[in-house]
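Listed below are the residues making up each chain.
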Amino acid sequence: MQAARTIEFSVNGAPVSAEAAGSSLLAVLRGDLRLRGARFGCGEGHCGACTVIVNGRAVQACQTPIWSLAGADVRTIEAAAADSLVAHVRKVFIEEQAAQCGYCTNGVIMTLAALLAADRTPARRDILAVLDERHLCRCGAHPRILRAIDRLLNVEAARR
Ligand code: FES
Ligand code: FES
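So, here is what we can say about the structure in this document. (Residues numbered from 1 in each chain as written. Chains lettered and ligands numbered in written order. Predicted model: local features only at pLDDT ≥ 70, side-chain atom pairs only at ≥ 80, totals over all residues. Heavy atoms only, no water.)

Helix and strand content of the protein: 5 helices and 5 strands. The linear arrangement of helices and strands in the protein, starting from the amino end, is β-β-α-β-β-β-α-α-α-α. The globule rule puts the C-alpha radius of gyration for 160 residues at 15 Å, and the 16 Å found for the protein is close to it. Dimensions of the protein along its principal axes, counting C-alpha atoms only, are 60 × 35 × 25 Å. Burial status across the protein gives 44% buried among its 160 residues. Of all intrachain contacts in the protein linking residues separated by at least 6 positions in sequence, the fraction that spans at least 24 positions is 60%. Surface accessibility of the protein: about 8600 Å² in total, with carbon and sulfur atoms responsible for 50%. In the protein, 19 side chains carry a positive charge and 15 a negative one; their mean positions are 5 Å apart. (Helix = DSSP H or I, 4+ residues; strand = E, 2+ residues; numbered from the N terminus. Rg over C-alpha atoms; globule rule 2.2 N^0.38 Å. Buried < 20%, exposed > 50% of the residue type's maximum accessible area, 1.4 Å probe, protein only. Contact = heavy atoms within 4.5 Å. Areas by Shrake-Rupley, 256 points an atom, 1.4 Å probe, with all protein chains shown as cover. Lys, Arg positive; Asp, Glu negative; His and termini not counted. Charge placed at Lys NZ, Arg CZ, Asp CG, Glu CD.)

Set out below in structure tokens:
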């Protein structure tokens, strides 16, 4: 019988090892590591509730196999304590009350943090296209989410 292959990566700066076979990143985050900020929504890559940042890119953790994560840097919403950009986006969402039930919110925040890390002044239409493609909000909190996005963009534009 073959020994299980172990994959080493980091989550919010802390080293993690997990078995390569059979698990998604979301299962390891929520189950093994008890990090519940990434939500289980559809489990099929449609809703975006499970979005985290891997090597600087927003990805759906439910669709990310552990075997693909060797050496990866994984950031979750819980990184907000140490990641100023995630913390900033989360703060604006809280101040704008940009959620209803909040189930989609952490994923949206992580996608926005990844987009802003790559480009501090992205085009509004590009942000909306990404959110439209990758995130579902069943509560219809879109007007408040848009308000938070506009505030984030205005803050970044003022910094230029
Ligand atoms: S739970 Fe991962 S995309 Fe819906
Ligand atoms: S706030 Fe409830 S799903 Fe978006």
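With that out of the way, let us pick up the sheet that holds strand β5 (residues 73-75). Within a sheet, adjacent strands bond to each other through the backbone by hydrogen bonds, running parallel or antiparallel. Strand order across the open sheet formed by 5 strands is β2-β1-β5-β3-β4, with mixed pairing between neighbours. Strands with a single pairing partner mark the edges of an open sheet, and in this sheet they are β2 (14-19) and β4 (57-60). Taking each pair of neighbouring strands and ignoring which way they run, the sheet shows an average axis angle of 40°. Relative to β2, strand β1 (residues 6-11) runs antiparallel, the two being bridged by 6 bridges. Across the sheet, residue Ile7 finds its bridge partner in β2, namely Ala18. Packed onto the sheet, helix α1 (residues 25-32) meets β1, β2, β3 (51-54) and β5 and runs at close to 105° relative to β3. (Pairing = 2+ DSSP bridges. Axes fitted to C-alpha atoms, helices over the stretch in contact; angles between N-to-C directions.)

So, about the packing of helix α2 (residues 84-95) against helix α3 (residues 105-118). Contact geometry of α2 with α3 gives a least axis separation of 9 Å together with a crossing angle of 130°. Taken together, the axes of α2 and α3 lie oblique to each other. Note on packing geometry: the crossing formed by α2 with α3 is right-handed. Facing α2, whose interface residues are Leu85, Val86, Val89, Arg90 and Phe93, α3 presents Thr105, Val108, Ile109, Met110, Leu112, Ala113, Leu116 and Ala117. Counted by class, the contact of α2 with α3 contains 11 nonpolar, 1 polar and 1 charged residues. (Parallel < 35°, antiparallel > 145°, perpendicular 65-115°, else oblique. Left-handed = near helix turned anticlockwise from the far one by under 90°. Nonpolar A, V, L, I, M, F, W, Y, C, P; charged D, E, K, R; others polar.)

A word on α1. When α1 is considered as a whole, its buried residues turn out to be Leu25, Leu26, Val28 and Leu29. Buried residues in α1 make contact with β1, β2, β3 and β5. Downstream of α1 by a residue or two, Arg34 has a phi angle that is positive, lying close to 55°.

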